[in-house]
Amino acid sequence: MKLRTFYLALTAVALSLLVSGLGLFVWLWNGSPLRLLNGSRISEPAAAMFVPKQAPLMTSLLVAPQRLQALSQVVTPTRQRSQVDQEWQQLQDALLTGFKVDFANDITPWLGDEVTFAVTSLDRDRDSSNGRQPGYLVAFSTQDGELARQALQRFWQDRAATGTQLVFETYKGVKLIYGDSALVGRRVKPLATAVFGDRFLLAANDPKVLREAINNAQVPDLNLQRSESYQRALQSLHPRRLGLLYADLDNLGDWLNERGLSRKAEDSDRPNQFQGLTLSLALNKAGILADTALIAKEPLPSSTLTQGNRPSAALRYLPADSRFVLGSHNLAGVWQELQQRFGDYPAWQELQQQLLATVQQQLGLNLQTDVIDWIDGDYALGQSGDDWIFAVDRRQTAASSGIEQLDAIASDRGYTPTNIDLDGHEITAWTQLRTGSKRRNLQIQATVRGGHGRDGNFEVFATSLDRLASALEGRDSLLTSPEFRQAQQQLPQPNQGVLYLDWQASALPLTQRWPVLQLIALPLQPLLEHVQAIAIASPTPPEDSSDLQRLSIELLLRS
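All residue numbers refer to position in the chain's written sequence, counted from 1. For this predicted model, a pLDDT threshold of at least 70 governs which residues receive local features, and a threshold of 80 or more governs which side-chain atom pairs are given and counted, while totals over whole chains, interfaces and linings are taken from all residues. Heavy atoms throughout the structure, all of them, feed into the side-chain values; hydrogens and water do not.

Participant: What is the right way to look at the overall build of the protein in this model?
Facilitator: When you go through the protein residue by residue, the secondary structure sums to 17 helices and 20 strands. Think of it in three bands: residues with accessible area under 20% of the maximum for their type are buried, residues over 50% are exposed, and the middle band is partly exposed, with areas taken using a 1.4 Å probe on protein chains only. With 559 residues in all, the protein has 54% of them scored as buried. Contacts are assigned to residue pairs with any non-hydrogen atoms lying within 4.5 Å of each other. Considering only intrachain contacts with a sequence separation of at least 6, the fraction spanning at least 24 residues in the protein is 68%. Each helix is a run of DSSP H or I of at least 4 residues and each strand a run of E of at least 2, with the numbering of both proceeding from the N terminus.

If you want it as structure tokens, here you go:
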């Protein structure tokens, strides 16, 4: 049965404040020193004690939203401050409509340094007869418990005045207040609240969710905070963080499946290999670093890949305006390891199929057999406009036969490998000769599909001679791009290479192809519209963490 409509007023306060708060920093990248580059004063969400270990999703903002807003006013240029204020106000108006409260007057005076949102369960009442109804919980840390109680009292007084029937309950020493029509909008929605000591104000879409949260806090073995794998994942991530996300992949997958945003693998009986995903968000001078750790259910097989201590030397042959870049070492080994670890996941299957189909359609190549299988050294692949550029180390084992194979494929498609001189470089061009239409003055026309040439230890391929000439001569190299260099500097070393996307040029086709990306992109839109590029790398996990798969994502913000 389909899930009911999101409780927007509950989910938005935590999840979107995490996004919108960080999104305000898109105006701050003018070289000014930022204290928050060192992260929050707290390293992990204390509200994890309310969240069950098996919760599908938890996300936390680890700094008070008002601190971000105040800081933005200090360092943002005067001409842009009104725009920052406008974006902030629009978000507040949209997200707090159901509560009928004012953020500055009703929340800011008592709000502390943490706002945590969680999907606590897929069926909050565990009654299949009325459908699966998720449980939602928001935990606001309080810097003044008494002010929080007063604000909550005023909120419920207003609701009572509009006819909401209030229920008061004391559960294990904690006072609960709830009402079935507490949130207003197109449809009235229930809300339950409680103040836990002087530390947290809790809000949920059902009193059952609050009771379970209190149980989790009072019996620590039940909560996420005591999860050994969760704690290990936290320790492996970047210590300076302003936000954190945790997902139980099995339960989250079920949640996404019911919303039509994902699907289960139909051709595999094997259970998912990974149990959880932990992601931390930190600020740096280039943008935002998202550091992630996938937690496996069992120790992962030892990687057979050699961790590189330098970027792929082939990257220098790609143009500076590349909108897609992949550069690493041993593509065959990386591909095989990805297949072993993620082959049963629909997201990877869809990504793989789309990638293979795109290369087949645009280049006429079977990416797996014609390219990937023979590359065990340095390589780089890039796309600029409609052109593709590919560079590979000739010294690897099967390089000569691989290059000959690509020439043979071009020949099979009607193109003749022809040796010509290109600006002083001897290259092999893939040409097709045609005769003109005039019989008296017979003309021969040559169509060039692309070609390849040698530069030192590397063979460089391109789908146009202009791109090939630029690559061989080292003109406008990717390594001179300020955006690429900035993004690469923020990624951890050593790693297995880099994937780089010009987000402004790639966002629309990516979100159209994969619906699950729409789920991520929609709430992140206030931030993503200011992202210039995205760089991804897989760093080396700690030696004692055989059940972790790391991934770092740098969001480079537009200046």
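Further notes follow.
Participant: Can you help me understand the side chain of aspartate 393 in this one?
Facilitator: By the element assignment, aspartate 393 lies in strand 13 (residues 387–393). A polar contact is formed between the side chain of aspartate 393 and the backbone nitrogen of arginine 395, at a distance of 2.9 Å. Those residues in contact with aspartate 393 that lie beyond four places of it in its chain are Asp378, Ala399, Asn457 and Phe458. Pairs of N or O atoms are called polar contacts if they sit within 3.5 Å, as long as, within protein, a hydrogen donor faces a hydrogen acceptor (for residues adjacent in sequence, only side-chain-to-side-chain pairs).

Participant: What is the right way to read the pairing of strand 3 (residues 135–142) from this model?
Facilitator: Consecutive residues of a regular strand have side chains that alternate between opposite faces of the sheet. Of all the eight residues making up strand 3, eight are buried; the element is thus mostly covered by neighbouring parts of the structure. With seven bridges connecting them, strand 2 (residues 111–121) and strand 3 associate as antiparallel partners. When the sheet's bridge partners are listed, alanine 118 is paired in strand 3 with leucine 137. Judged from the five bridges that link them, strand 3 and strand 7 (residues 200–204) form a sheet pairing that is antiparallel. Bridging across to strand 7, serine 141 finds its partner in phenylalanine 200. Here, strands pair whenever DSSP counts at least two bridges between them.

Participant: Explanation requested: the pattern of salt bridges in the structure shown.
Facilitator: Side chains that differ in sign of charge can pair as their charged atoms come close. A side-chain nitrogen of Lys or Arg and a carboxyl oxygen of Asp or Glu constitute a salt bridge if their distance falls within 4 Å. For the coordinates displayed, the defined rule picks out eleven salt bridges. Arginine 226 is the salt-bridge partner of aspartate 221, the closest N and O atoms lying 4.0 Å from each other. We note a salt bridge from aspartate 291 to arginine 550, for which the minimum N-O separation is 2.9 Å. Placement of the pair is aspartate 291 in strand 10 (residues 287–296) and arginine 550 in strand 20 (residues 548–557), with a sequence separation of 259 residues. Here aspartate 291 matches arginine 550 in class, with each residue buried.

Participant: How should the packing of aromatic side chains be read in this particular structure?
Facilitator: Working definition: an aromatic ring pair is given by the centre-to-centre distance plus the angle between the planes. Pairing of aromatic side chains here covers Phe, Tyr and the six-membered ring of Trp, requires ring centres within 6.5 Å, and sorts the geometry by plane angle: under 30 degrees stacked, over 60 edge-to-face, intermediate tilted. Inspection of every chain in the model, using the stated rule, returns eleven aromatic pairs. Aromatic pair phenylalanine 117 and tyrosine 136: ring centres 6.1 Å apart, planes at 15°, arrangement stacked. Here phenylalanine 117 is found in strand 2, whereas its partner tyrosine 136 is found in strand 3, with 19 residues between them in sequence. A single burial state applies to phenylalanine 117 and to tyrosine 136, both of which are buried. An angle of 80° between the planes, with centres 5.2 Å apart, marks the rings of phenylalanine 484 and tyrosine 500 as edge-to-face. Separated by 16 residues along the polypeptide, phenylalanine 484 in helix 14 (residues 482–490) and tyrosine 500 in strand 18 (residues 497–502) bring together distant segments of the chain. There is no split in this pair, since phenylalanine 484 and tyrosine 500 are both buried. One aromatic cluster is present, built from ring pairs that chain together Phe50, Phe196 and Phe200.

Participant: Explain helix 9 (residues 331–342) here, please?
Facilitator: Given 3.6 residues per helical turn, the α-helix brings residues three or four places apart onto the same face. Taking 1.5 Å of rise per residue, the twelve residues of helix 9 would be expected to cover 16 Å, and the 16 Å separating its terminal C-alpha atoms lies within 8% of that figure. Among the residues making up helix 9, those that are buried are Leu331, Gly333, Val334, Trp335, Glu337, Arg341 and Phe342. One less than the residue count of a helix, multiplied by 1.5 Å, gives the span that helix is expected to have.

Participant: So what exactly am I meant to see when it comes to unusual backbone geometry here?
Facilitator: Notably, lysine 172 is not glycine yet its phi reads approximately 50°, a positive angle. Mapped onto the elements of the fold, lysine 172 is located in the loop between strand 4 (167–171) and strand 5 (174–183). We note that aspartate 423 has phi near 50°; this positive angle belongs to a residue other than glycine. For aspartate 423, a relative accessible area of 53% gives the class exposed.

Participant: Can you walk me through a negative patch on the surface in this structure?
Facilitator: Here, patches come from residues exposed beyond 30% relative accessible area and free of salt bridges, joined within 9 Å for like charges and within 5 Å for nonpolar side chains (Val, Leu, Ile, Met, Phe, Trp, Tyr). Here the open area of atoms and residues is found with the Shrake-Rupley method and a 1.4 Å probe, where only the protein chains shown may cover a residue. By the counting rule applied here, Lys and Arg register as positive and Asp and Glu as negative, while His and the ends of each chain are not counted. For charged residues, the charge sits on one atom: NZ in Lys, CZ in Arg, CG in Asp, CD in Glu. Together, Asp421, Asp423, Glu426 and Asp466 give the surface a local cluster of negative charge. By the secondary structure assignment, aspartate 466 is in helix 13 (residues 465–473).

Participant: Hey, could you run me through the environment of proline 319 in this one?
Facilitator: Here proline 319 is to be found in the loop between strand 10 and strand 11 (324–329). Proline 319 sits in the buried class, given a relative accessible area of 10%. A C-alpha to C-alpha distance of 4.8 Å links proline 319 and serine 477, two positions 158 residues apart in sequence. Ignoring any residue separated from it by four or fewer positions in sequence, one finds proline 319 in contact with Ser384, Ile389, Arg467, Asp476, Ser477 and Leu478.

Participant: Mind showing me how you'd approach the environment of valine 209 here?
Facilitator: Checked against the element boundaries, valine 209 lands in helix 6 (residues 207–218). Given a relative accessible area of 3%, valine 209 falls into the buried group. Linking valine 209 and tyrosine 136, residues 73 residues apart in sequence, is a C-alpha distance of 7.2 Å. Once residues within four sequence positions are removed from consideration, valine 209 is found in contact with Thr120, Arg124, Gly135, Tyr136, Leu137 and Ala204.

Participant: Mind showing me how you'd approach the confidence of the model for the protein here?
Facilitator: A low pLDDT means the predicted coordinates there should not be read in detail. Each residue carries a pLDDT score, the predictor's confidence in it, ranging from 0 to 100. Across the protein, pLDDT averages 80, with 77% of residues at or above 70. For the stretch residues 1–15, pLDDT sits under 50, and the model shows 47 contacts to residues farther than four places along the chain or on other chains. Within the model, pLDDT remains below 50 along residues 23–34, and this stretch shows 36 contacts once partners closer than five positions in the same chain are excluded.

Participant: Mind showing me how you'd approach the nonpolar core here?
Facilitator: Across soluble globular proteins, you tend to see nonpolar side chains buried next to one another. The definition of a nonpolar core used throughout is a set of buried Ala, Val, Leu, Ile, Met, Phe, Trp, Tyr and Cys residues joined through side-chain atoms within 4.5 Å. Membership of the largest hydrophobic core comes to 52 residues, with the highest contact counts inside it found for Phe274, Ile375, Phe390 and Val531. With five residues, helix 12 (residues 399–412) is the single largest residue contributor to this core. In this view, phenylalanine 274 contacts Leu249, Leu294, Ile295, Ala296, Lys297, Leu300, Arg341, Phe342, Tyr345 and Gln549; residues no more than four positions away in its chain are not counted. By size, the runner-up hydrophobic cluster in this structure holds 29 residues, among which are Ile427, Ala487, Tyr500 and Leu556.

Participant: Even after reading the chapter, I still don't get helix 14, so can you show me in this structure?
Facilitator: What helix 14 keeps buried is the set Phe484, Ala487 and Gln488. In a view along the axis of helix 14, the buried residues occupy a sector of 100°, so they form one face of it. Those residues of helix 14 that are exposed and angled more than 90 degrees off the buried face are Pro482 and Gln489. Summarising the contacts, the buried residues of helix 14 are in contact with strand 11, strand 18, strand 19 (531–537) and strand 20. Think of it as the arc spanned by the lines of direction from the helix axis to the C-beta atoms.

Participant: Would you explain the side chain of serine 552 in this entry?
Facilitator: Its location among the elements puts serine 552 in strand 20. Polar side-chain contacts of serine 552 include one of 2.9 Å to the side chain of aspartate 291. In contact with serine 552, other than residues within four places in its own chain, are Leu289, Ala290, Asp291, Leu491, Pro492, Ala535, Ile536, Ala537 and Pro539.

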